[in-house]
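Here's the letter readout for the chains.
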Amino acid sequence: MIKLSTLILLLAVAAIPQDANYDEAKIPAFVLPDPLICSDGAKVTDSQTWMHKRRPEILALFEKQVYGKAPDAPVIAYDLLESDARALGGLATRKQVRVYLIGDKKGPFMDVLIYLPNKTQRPAPLFVGLNFYGNHTTIDDPAVFITKSWVRNNKEFGIVDHRATEASRGVRASRWPIRRILRQGYGLATIYYGDIDPDDEGRFDNGIHPWFYKKGQTHPAPDEWGSIAAWAWGLSRAMDYFEADDDIANERVIVMGHSRLGKTSLWAGATDKRFAIVISNNSGCGGAALSRRRFGETVKRINTSFPHWFCDNFKKYNDNEEALPVDQHELIALMAPRPVYVASAEEDRWADPRGEFLSAKYAEPVYQLFGLQGLPSDEMPEVGKPAVGTIGYHIRSGAHDVTLYDWRQYLRFADRHLHEKGMK
Ligand code: GCU
């Protein structure tokens, strides 16, 4: 008789993808596309040519082949649903703003939860990031509204029938050290990503997509936006609101995201230059990690498990990474000359920490066109020893998560770059 514990172990092992490679020696030989060679073969030797010729080419390739093109920015509308100038014991001003994504108050909306520091001058610099389970999960603040959008079920968080409940208030607070962020002089804004597009596999009949379909359309075209592009587009709509709020320093907005939402923060930073600093936490495949390494999660694997994240064209590169006209170091390079930070976790091998480091490193030649230091380390830094230039990178101990250690580095990174620019 097979023991139950053995059976559970066998089932767990069976759930681990058998095709995932974790052996550096088994990485296929590959050649990365050169960010500094234009499609007509011309070499980029100055920042002007990068900005006006090569950058638009790379951006268009990512749009067409990887994430899909999002619609042009609509004129948004918004309502201040609630505010409190003495929130969190007087530490912050809280605002909850409903942003109507297509400008129509009868149309789709997302709720933006904002805390601004009371002790420092306004307008305040701001971190913005999407969250996985609803704004009320990010802090133990009873005034935060509970989303009515579809939420992934999670028994531990009290989420059943895809509805968030009071039981999940504050359950993700460890990922959002809001009081600490405020004490360091920054505001924090967060939005539930499912308000923009529910992360329910393969469906494109709900969320933001249908609002932009042409007559008769039921699915995005092969080069049109998947869910990551939709979430990133939502971040840009939040930015539209920040520009209208005099309490927010809209030229000092830092976009941060974890995992699939780290892929999203990178794509938001690439498509919207208004984000002054871009941070990717454990973003892995389709985020900071180089696709051609095929280490941990691969293009085929991600397109199979999450067919709605990228545009349909991206599926052409399943088991065919070398045919990709771009790789993820060029995504990082699209941030230049803005500061960008890539963070890995030692146990998060699924996201390929080394591939994340190499992407950040190989973006460096583009930063050098601007006379900027890229990533000041030729080798992968040791665990717990960040390497920080205009490109920052760290690998911390532990698992796939966002920790206080990560936030400490992001705050330091933001301080350093805003100081350098005389902006803080
Ligand atoms: C899965 C997925 C990753 C993703 C992660 C997350 O592990 O394979 O690509 O980053 O989920 O978003 O939590």
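Conventions and cut-offs
Residues numbered from 1 in each chain as written. Predicted model: local features only at pLDDT ≥ 70, side-chain atom pairs only at ≥ 80, totals over all residues. Heavy atoms only, no water. Helix = DSSP H or I, 4+ residues; strand = E, 2+ residues; numbered from the N terminus. Rg over C-alpha atoms; globule rule 2.2 N^0.38 Å. Buried < 20%, exposed > 50% of the residue type's maximum accessible area, 1.4 Å probe, protein only. Contact = heavy atoms within 4.5 Å. Areas by Shrake-Rupley, 256 points an atom, 1.4 Å probe, with all protein chains shown as cover. Lys, Arg positive; Asp, Glu negative; His and termini not counted. Charge placed at Lys NZ, Arg CZ, Asp CG, Glu CD. Pairing = 2+ DSSP bridges. Axes fitted to C-alpha atoms, helices over the stretch in contact; angles between N-to-C directions. Near = heavy atom within 4 Å. Polar contact = N/O pair within 3.5 Å; in protein donor to acceptor, adjacent residues only side chain to side chain. Nonpolar A, V, L, I, M, F, W, Y, C, P; charged D, E, K, R; others polar. Expected span 1.5 Å × (residues − 1). Parallel < 35°, antiparallel > 145°, perpendicular 65-115°, else oblique. Left-handed = near helix turned anticlockwise from the far one by under 90°. Phe/Tyr/Trp six-rings, centres within 6.5 Å; stacked < 30°, edge-to-face > 60°.

Undergrad: Please provide a residue-by-residue account of the overall build of the protein, values included.
TA: A count of helices and strands for the protein gives 11 helices and 10 strands. The C-alpha atoms of the protein give 21 Å as radius of gyration, which agrees with the globular expectation for 424 residues (22 Å, within 12%). When burial is assessed residue by residue, the protein has 57% of its 424 residues classed as buried. For the protein, restricting intrachain contacts to residue pairs at least 6 apart in sequence, the fraction spanning at least 24 positions comes to 68%. For the protein, the accessible area works out to roughly 17400 Å², and carbon and sulfur atoms hold 53% of it. Between the mean site of the 53 positive side-chain charges and the mean site of the 54 negative ones, the protein shows a separation of 2 Å.

Undergrad: Lay out the sheet that holds strand β9 (residues 387–388) with the relevant residues and their values.
TA: Reading across from one edge, β1-β2-β3-β5-β4-β6-β7-β8-β10-β9 is the order of the 10 strands in this open sheet, with mixed pairing throughout. Both outer strands of the open sheet, β1 (77–87) and β9, are each paired with one neighbouring strand and no more. Of the strand pairs in this sheet, strand β4 (residues 124–131) and strand β6 (residues 248–258) are connected by four bridges, and their pairing is parallel. Across the sheet, the residue bridging to leucine 126 is valine 253, located in β6. Here helix α6 (residues 260–271) sits on the sheet and contacts β4, β6, β7 (277–281) and β8 (340–345); the angle it forms with β6, its principal contact strand, is near 145°. Strands in contact with helix α9 (residues 353–362) are β8 and β10 (391–396); relative to β8, the strand with the most contacts, it is inclined by about 165°.

Undergrad: How would you summarise the site of the ligand if you had to cite specific residues and measurements?
TA: Near the ligand you find Ser259, Arg260, Lys263, Glu297, Ile302, Phe306, Trp309, Trp350 and His400, and these make up its full shell. A distance of 2.9 Å is found between an oxygen atom of the ligand and a side-chain nitrogen or oxygen belonging to lysine 263. Taking tryptophan 350, its side chain carries an N or O atom lying 2.9 Å from an oxygen atom of the ligand. In the complex, 81% of the free accessible area of the ligand, which totals 320 Å², lies under the protein chains. Split by residue class, the shell around the ligand holds four nonpolar, two polar and three charged.

Undergrad: Could you give an account of helix α11 (residues 404–420), with specific residues and numbers?
TA: Along an α-helix, residues three or four apart share an orientation, since each turn contains 3.6 residues. For α11, spanning 17 residues, the distance from its first C-alpha to its last is 24 Å, which sits close to the expected 24 Å at 1.5 Å a residue. Listed as buried for α11 are Asp406, Trp407, Gln409, Tyr410, Leu411, Phe413, Ala414, Asp415, His417 and Leu418. Positioned one or two residues after α11, glycine 422 has a phi angle of 65°, which is positive.

Undergrad: I'd like a description of the packing of helix α5 (residues 227–244) against α6, backed by residues and values.
TA: Viewed as axis vectors pointing N to C, α5 and α6 meet at an angle of 60°, and their least axial separation amounts to 8 Å. When the axes of α5 and α6 are compared, the pair comes out oblique. Every pair of crossing elements has a handedness; the one defined by α5 and α6 is right-handed. Between α5, through Ile228, Ala229, Trp231, Ala232 and Leu235, and α6, the contact on the second element is made entirely by Arg260, Leu261, Lys263, Thr264, Trp267 and Ala268.

Undergrad: Outline the packing of helix α2 (residues 47–67) against α6, listing residues and values.
TA: In helix packing, the relevant descriptors are the interaxial angle and the interaxial distance, both defined with respect to the helix axes. The geometry of α2 relative to α6 is characterised by a closest axis approach of 11 Å and an angle of 140° between their N-to-C directions. When the axis of α2 is compared with that of α6, the two are oblique. Considering only the axes of α2 and α6, their crossing is left-handed. The residues of α6 that touch α2, namely those facing Arg55, Leu59, Phe62, Glu63 and Tyr67, are Trp267, Gly269, Ala270 and Thr271. Each residue belonging to the contact of α2 with α6 can be placed in one class, and the counts come to five nonpolar, two polar and two charged.

Undergrad: Give me the lowdown on the packing of aromatic side chains, citing residues and values where you can.
TA: Applying the stated criterion across every chain yields a total of 24 aromatic pairs. Aromatic side chains tyrosine 100 and phenylalanine 109 sit 6.1 Å apart centroid to centroid with 70° between the ring planes, which places their arrangement in the edge-to-face category. Each ring, one from tryptophan 407 and one from tyrosine 410, has its centre 5.9 Å from the other, and the planes form 70°; the classification is edge-to-face. Residue tryptophan 407 and its partner tyrosine 410 are both found in helix α11; the two are separated by three residues, about one turn of the helix. Neither residue differs from the other here; tryptophan 407 and tyrosine 410 are each classed as buried.

Undergrad: Please provide a residue-by-residue account of the pairing of β7, values included.
TA: β7 sits mainly inside the fold: five of its five residues count as buried. Residues Ile277, Ile279 and Asn281 line one face of β7 and the alternating positions Val278 and Ser280 line the opposite face, and both faces are buried. Where β6 and β7 come together, five bridges link them in parallel fashion. Paired with valine 255 across the two strands is valine 278, which belongs to β7.

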